[in-house]
Amino acid sequence: MTLIYIMISSGIGAVCRQFINVTLTKYFAYSFPIATLVVNILGSLMIGFVAQYLNSSSLSYAIIALGFCGGFTTFSTHILEIYEQYLLKSYKKLIIYLLLTIILSIGSCYLGYHI
């Protein structure tokens, strides 16, 4: 049953990610991948909070951390967007995006863990 809960919550996370993607790209039509950055920062904040306050073997942890956060955040899209910046020879954007993602995601996870 746990796997079904993880599957459902992962789907919900993916739908939330798509909603943020559509919303942000409507208002911020930049070539900078702002939606993926925001999603990964929010997901890092959430998983930091969950890691601190929920037992890692609990059903709640599995649903939120593994399911929702797993479906919500996206490492593969992040890597693709970095590679696309490389192909476009947009090295400055590539470095900024990479550093922002790492620094802000780690900072968000830390903040979530210590709230």
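Described in the following lines is the structure provided in the data block. (Residues numbered from 1 in each chain as written. Predicted model: local features only at pLDDT ≥ 70, side-chain atom pairs only at ≥ 80, totals over all residues. Heavy atoms only, no water.)

### Notes on the nonpolar core
A general tendency of soluble globular proteins is for nonpolar side chains to be buried together.
Consideration 1: With 6 residues, the main nonpolar core is built from I20, L24, A35, V39, F68 and F72.
Consideration 2: Elements that contribute at least two residues to this core include exactly α1 (2–27), α2 (34–53) and α3 (59–72).
Consideration 3: By size, the runner-up hydrophobic cluster in this structure holds 5 residues, among which are L37, I41, I82 and L94. (Core = buried A, V, L, I, M, F, W, Y, C linked by side-chain atoms within 4.5 Å. Buried < 20%, exposed > 50% of the residue type's maximum accessible area, 1.4 Å probe, protein only. Helix = DSSP H or I, 4+ residues; strand = E, 2+ residues; numbered from the N terminus.)

### Some thoughts on the packing of aromatic side chains
Consideration 1: Tallied over the full model, the rule gives 5 aromatic pairs.
Consideration 2: Ring centres of F49 and Y53 lie 4.8 Å apart, and the angle between their planes is 45 degrees; on these two criteria the pair is classed as tilted. One end of the pair, F49, and the other, Y53, are both in helix α2, 4 residues apart, so they sit about a helical turn from each other.
Consideration 3: Look at F49 and you get partly exposed, because its relative accessible area is 38%.
Consideration 4: Looking at Y53, the relative accessible area reads 44%, which means it is partly exposed.
Consideration 5: Summarising the aromatic geometry, the rings of Y83 and Y86 are spaced 6.0 Å apart at their centres and angled 25 degrees between planes, so their arrangement reads as stacked. Highlighted residues: Y83 and Y86, both in helix α4 (residues 75–87), separated by 3 residues, approximately one helical turn.
Consideration 6: In this structure an aromatic cluster arises from ring pairing among Y83, Y86 and Y91. (Phe/Tyr/Trp six-rings, centres within 6.5 Å; stacked < 30°, edge-to-face > 60°.)

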